[in-house]
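The primary structure of each chain is shown beneath.
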Amino acid sequence: MHVSGRTGVVSDLKEAAVDIIGALLRWRLWTSLALHDVASRYRGSVLGPFWITVTTGAMVGGMGLVYSQLFHMSLAEYIPWLGIGVVLWSLFAVIISEGCDTFIASGGIIKQTALPMFTFLGRMVFRNLINFAHQLVIIVVVIVWFGLWRKANAPMALVGFALSLGNLLWIALICGIASARFRDVPQIVTAVMQVLMFMTPVFWRPEAITNHRVVLEANPFYYMLEAIRRPMLGEEVKAHTYSALLIMLVVGWAIAFVIFARTRRRVVHYL
């Protein structure tokens, strides 16, 4: 421990806390890097990130026409449910999948600088929040077009979004560390997210599940969607949804922080 500079678990925890605080204080750095990532990716494009909006909007429109018939729901009821669900799931999936590559993609910078490790997580999340902001156009359109703005509860939707984003952060952090150590993890995570997309009520309403609801209620993304989408539709959110998100937030971050503290120094060697 003397050679490596470590003095024990307490030292690791303190250094991890300093790393996170240092990254937060450098928010201008990772926001600038995220803006540069978006600008670089869409340089020379006419629509830029709005291509994602167009693609998602076309998918929502096409699926809405077909699936509304399959689920025996009116377009006015189904398209808002589908549109909000697809946009939110896109955010969830991309934060977790790109979370796997957070440290791998920034390996060159990590090896050559002493920036806080948490900086790269902030860069990834902010980059995807910028792309998500472009897709919010779809949510706004369906809410206004179908008159849901009269009963939408925006403050509670923001509360649900904050809780969900907090949970996505610790999941992405753990995935990033695991992926740096084991390069098969990104493929596993991608496969799991593809399966979970159909097991999560993105396309269908959870009321349709009457038996074996434990499969649904054991899915963390179910609570994330419920806490954001229901208020947007003017529907009531069950109290246990917020309880589940808070428990996941506290327990998840406690586990993630310990893992981060114990492996923070090793990530550069994994790369």
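Above: the structure in question.
Since this is a predicted model, take the numbers as computed values, not measurements.

Caption draft 1: Spatial organisation of helix H7 (residues 118-145). With 28 residues, H7 extends 40 Å from end C-alpha to end C-alpha; this agrees with the ideal 40 Å at 1.5 Å per step. Of all the bends in H7, the greatest, near 35 degrees, is centred on His134. Of the residues one or two after H7, Gly147 is the one with positive phi, at around 70 degrees.

Caption draft 2: Region of interest: the pattern of salt bridges. Counted according to the given criterion, the structure contains 12 salt bridges. A salt bridge links Glu207 to Arg205, with the nearest nitrogen and oxygen atoms 3.5 Å apart. On the basis of relative accessibility, which here comes to 16%, the residue Arg205 falls in the buried class. A salt bridge links Glu235 to Arg230, with the shortest nitrogen-to-oxygen separation between them at 2.5 Å. On the basis of relative accessibility, which here comes to 7%, the residue Arg230 falls in the buried class. In the salt-bridge network here, residues are joined through shared partners; they are Arg205, Glu207, Glu226, Arg230 and Glu235.

Caption draft 3: Focus on the packing of helix H4 (residues 75-100) against H7. Axis separation between H4 and H7 bottoms out at 10 Å; the angle between their running directions is 175 degrees. One way to sum up the angle between H4 and H7 is to call them roughly antiparallel. Facing H4, whose interface residues are Ile79, Pro80, Ile84, Val87, Leu88, Ser90, Leu91, Val94, Ile95, Glu98 and Gly99, H7 presents Met124, Arg127, Asn128, Leu129, Phe132, Gln135, Ile138, Ile139 and Val142. Split by residue class, the contact of H4 with H7 holds 14 nonpolar, four polar and two charged.

Caption draft 4: Main features of helix H12 (residues 239-263). Between its first and last C-alpha, H12 extends 36 Å over 25 residues, near the 36 Å set by a 1.5 Å rise per residue. Those residues of H12 not exposed but buried are Thr241, Tyr242, Ala244, Leu245, Met248, Gly252, Ala256, Phe260, Ala261 and Thr263. Packing partners of the buried residues in H12 comprise helix H1 (9-25), H7, helix H8 (154-181), helix H11 (220-232) and helix H13 (267-270).

About the cut-offs
- Residues numbered from 1 in each chain as written.
- Predicted model: local features only at pLDDT ≥ 70, side-chain atom pairs only at ≥ 80, totals over all residues.
- Heavy atoms only, no water.
- Helix = DSSP H or I, 4+ residues; strand = E, 2+ residues; numbered from the N terminus.
- Expected span 1.5 Å × (residues − 1).
- Bend = angle between axes of the 7 residues up to and from the residue.
- Salt bridge = Lys/Arg side-chain N within 4 Å of Asp/Glu carboxyl O.
- Buried < 20%, exposed > 50% of the residue type's maximum accessible area, 1.4 Å probe, protein only.
- Axes fitted to C-alpha atoms, helices over the stretch in contact; angles between N-to-C directions.
- Parallel < 35°, antiparallel > 145°, perpendicular 65-115°, else oblique.
- Contact = heavy atoms within 4.5 Å.
- Nonpolar A, V, L, I, M, F, W, Y, C, P; charged D, E, K, R; others polar.

Keep in mind these values describe shape, not function.
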